[in-house]
Amino acid sequence: MDLNSGDLNSPLSTGTTIIGVTYNGGVVLGADSRTSTGMYVANRASDKITQLTDNVYLCRSGSAADTQTISDYVRYFLHQHTIQLGQPTTVKVAANLVRLLAYNNKNMLQAGLIVGGWDKYEGGKIYGVPLGGTIIEQPFAIGGSGSSYLYGFFDQAWKEGMTQEEAEQLVVKAVSLAIARDGASGGVVRTVTINSEGVARKFYPGDSLPLWHEELEPHESLLDILSTSNPEPMVS
Amino acid sequence: MSKAAIEGPPKGGFSFDLCRRNEMLLQKGLNAPSFLKTGTTIVGLVFQDGVILGADTRATEGPIVADKNCEKIHYIAPNIYCCGAGTAADTEAVTDMVSSQLTLHRHHTGRESRVVTALTLLKSHLFSYQGYVSAALVLGGVDFTGPHLHTIYPHGSTDTLPFATMGSGSLAAMAVFESKYREGLTRDEGVQLVAEAISSGIFNDLGSGSNVDICVLTKGHKEYLRNHLQPNPRTYISEKGYSFSKKTEVLLTKITPLRDSIHIIEGGDEMEE
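Residues numbered from 1 in each chain as written. Chains lettered and ligands numbered in written order. Predicted model: local features only at pLDDT ≥ 70, side-chain atom pairs only at ≥ 80, totals over all residues. Heavy atoms only, no water.

In the nomenclature of an unreviewed UniProt entry, chain B is known as Proteasome subunit beta of Coffea arabica. UniProt, in the comment section headed Catalytic activity (unreviewed entry), describes chain B in these words: "Cleavage of peptide bonds with very broad specificity." Database annotation for chain B, UniProt heading Subunit (unreviewed entry): "Component of the proteasome complex." (UniProt positions renumbered as here; feature names shortened; annotations may be inferred.)

Chain A has the name Proteasome subunit beta in an unreviewed UniProt entry, where Coffea canephora is given as its organism. Turning to chain A, the UniProt record has this under Catalytic activity (unreviewed entry): "Cleavage of peptide bonds with very broad specificity." Taken directly from UniProt, the Subunit (unreviewed entry) text for chain A runs: "Component of the proteasome complex."

Structure, rendered in structure tokens:
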């Protein structure tokens, strides 16, 4: 995430990869962990999936200061709302509170957000709140600079009615693909799974992620490549 | 013609009126006045009993060293200290402000201050000034919930980390931390590591220099090691001392102790209502 407000003419990169995916019974949210200031990684193990209530979480991309402030306000409003309502908030209410802040302050904020959670009325839901402050309910949502590399991947790999394991595997695979190609994403992969039973946080360190196409195993000598099973680095 | 409208009391907050004019002048080629920056190395790390903060002591004004031994570790509360990088005036002012807010808060609640309280006060102040208050801080302390270490950026975002560096020398110091930090360091190991990280900043970054200040915070106890290391002593000191030109002639020296001119009256009448 860019910590300094950039030049208005520069491309709107929100150095991050964030993902939210619904499955049969809940949602899985995923994110990388890199916070960058220009070319320096300020925090290589940040947590971009923030809790709003017991059952609703928020993925943050864009300016770290703006998204932290938005999530603090929304957490406060939702806390009051839960007390007044007398039962857990719905994901739709949480997403709309986020949307109201993002839309009404659109000139001053740089925040791309994904709200995901589970409630007893609608089940698992994902709402995207991108830069201008629109709100869009989606079966899956991707955001951040790393998401550019994932549109084609999701078109092919996404399917309705996945199981929890399939959804988690999809999210981890997608974030690690984006990390491989996007310089502004990196570090570890964090996922949060929310369903009727509660919330489960998982953590995948960098070395547990699969190596992709062209990230070869290190070799002592180039001659070793000839003796491996796949001597050609690029195979169609 | 006088202004007929009644002007109310000035509304609070920062006035951004001159910002556009400043931008326009910069575009026309004006050299902006430089300000005293603490081009700095500041670090913090969590060890087994608490938190250790470290800082260098050089304050620069452009290319000149304005202060060779300034204090960059600021007091926030008896159990919370804060290192500041960026504009010296901003870090001083913002830490003093939060320190006095916390003192009032302690009187109000009757409890020891928590690090997250200082964090929230600092981050909301910096966010509302949208990065114009140029203060990058490493906030550390020990309260009843345990040891805490946070970094705060000028725009108001915060990170919570086991070890952190900020300032122009942060890359040099972070290199030392990344290679040598581990969980559960003892006090002496921690102090040694912090001194090494700051020294790395002092010797490899032009904006940092002079001495190493360290502050060790543990449950119920703090140790402020001012000038813990002095790796840059003044090498040549002239025996002649300073000579002033003969045009300066001392005419008269008179010292008037003010205490003698106060007469204290015992007894007397009480003030009537």
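Engineer: Please set out the confidence of the model for chain B residue by residue, giving values where relevant.
Structural biologist: Per-chain confidence: chain B averages 89 in pLDDT, with 92% of residues scoring 70 or above. Prediction confidence for the complex, expressed as pTM and ipTM, is 0.79 and 0.80 respectively. (pLDDT = per-residue confidence, 0-100.)

Engineer: With reference to specific residues and values, describe the nonpolar core.
Structural biologist: Within the largest apolar cluster, 41 residues are counted, with the highest numbers of intra-cluster contacts made by Leu45(B), Ile52(B), Leu53(B), Phe177(B), Val194(B) and Ile214(B). Those elements that provide at least two residues to this core are β2 (42-47), β3 (50-55), β7 (80-87), β8 (135-143), β11 (163-166), α4 (170-180), α5 (187-204) and β12 (212-218) of chain B. In terms of residue count, α5(B) provides more of this core than any other element does, seven residues in total. Ranked by size, the runner-up nonpolar core spans 22 residues in total, among them Ile142(A), Phe153(A), Val172(A) and Ala174(A). (Core = buried A, V, L, I, M, F, W, Y, C linked by side-chain atoms within 4.5 Å. Buried < 20%, exposed > 50% of the residue type's maximum accessible area, 1.4 Å probe, protein only. Helix = DSSP H or I, 4+ residues; strand = E, 2+ residues; numbered from the N terminus.)

Engineer: How would you summarise the interface of chain B and chain A if you had to cite specific residues and measurements?
Structural biologist: Between chain B and chain A, the residue contacts involve 16 residues of the former and 15 residues of the latter. Roughly 1200 Å² is buried in total at the junction of chain B and chain A, and carbon and sulfur atoms are behind 50% of that figure. Remark: the boundary between chain B and chain A carries two salt bridges. The leading source of residues in the side of chain B that touches chain A is α4(B), at four residues. (Contact = heavy atoms within 4.5 Å. Buried area = accessible area lost by both parts, 1.4 Å probe. Salt bridge = Lys/Arg side-chain N within 4 Å of Asp/Glu carboxyl O.)

Engineer: Report on the sheet that holds β11(B), specifying residues and quantitative values.
Structural biologist: All names here are of chain B. Read across the sheet, five strands follow the order β11-β2-β3-β12-β13 without closing on themselves; strand pairing throughout is antiparallel. Because the sheet does not close on itself, it has two edges, and the strands there are β11 and β13 (221-229). On average, each strand axis in the sheet is tilted by 10 degrees relative to the strand beside it, whichever way the strands run. Two elements, β12 and β13, share six bridges in a ladder whose sense is antiparallel. Residue pairing for β13: Leu-217 is matched across the bridge by Lys-222. On the sheet, α4 packs against β2 and β11 and is oriented at approximately 160 degrees with respect to β11. (Pairing = 2+ DSSP bridges. Axes fitted to C-alpha atoms, helices over the stretch in contact; angles between N-to-C directions.)

Engineer: Tell me what's going on with the sheet that holds strand β5 (residues 49-51) of chain A, and back it up with residues and numbers.
Structural biologist: Two strands in a sheet stick together by hydrogen bonds in their backbones, pointing the same way (parallel) or opposite ways (antiparallel). All names here are of chain A. Taking strand neighbours across the sheet as the criterion, the five strands line up as β5-β6-β7-β8-β9 in an open arrangement whose pairing is antiparallel. Lying at the two open borders of the sheet, with one neighbouring strand each, are β5 and β9 (136-138). Put simply, the sheet's adjacent strands are angled 30 degrees from each other on average, direction ignored. Across three bridges, the pairing between β5 and strand β6 (residues 56-62) is antiparallel. Each residue of the ladder has a partner; that of Thr-50, found in β6, is Leu-58. In this fold helix α1 (residues 64-85) packs onto β5, β6 and β7 (111-119), with an angle of close to 160 degrees to the strand it touches most, β6. The sheet strands contacting helix α2 (residues 91-104) are β6, β7 and β8 (123-129), and the helix crosses β7 at an angle near 165 degrees.

Engineer: Report on the pattern of salt bridges, specifying residues and quantitative values.
Structural biologist: On inspection of all chains with the given rule, the structure shows 16 salt bridges over all chains. Here Asp72(A) and Lys123(B) are joined by a salt bridge, their closest N and O atoms 3.5 Å apart. One end of the pair, Asp72(A), is in helix α1; the other, Lys123(B), is in helix α3 (residues 115-128), on a second chain. Relative accessible area serves as the criterion here: at 12%, Lys123(B) is assigned to the buried category.

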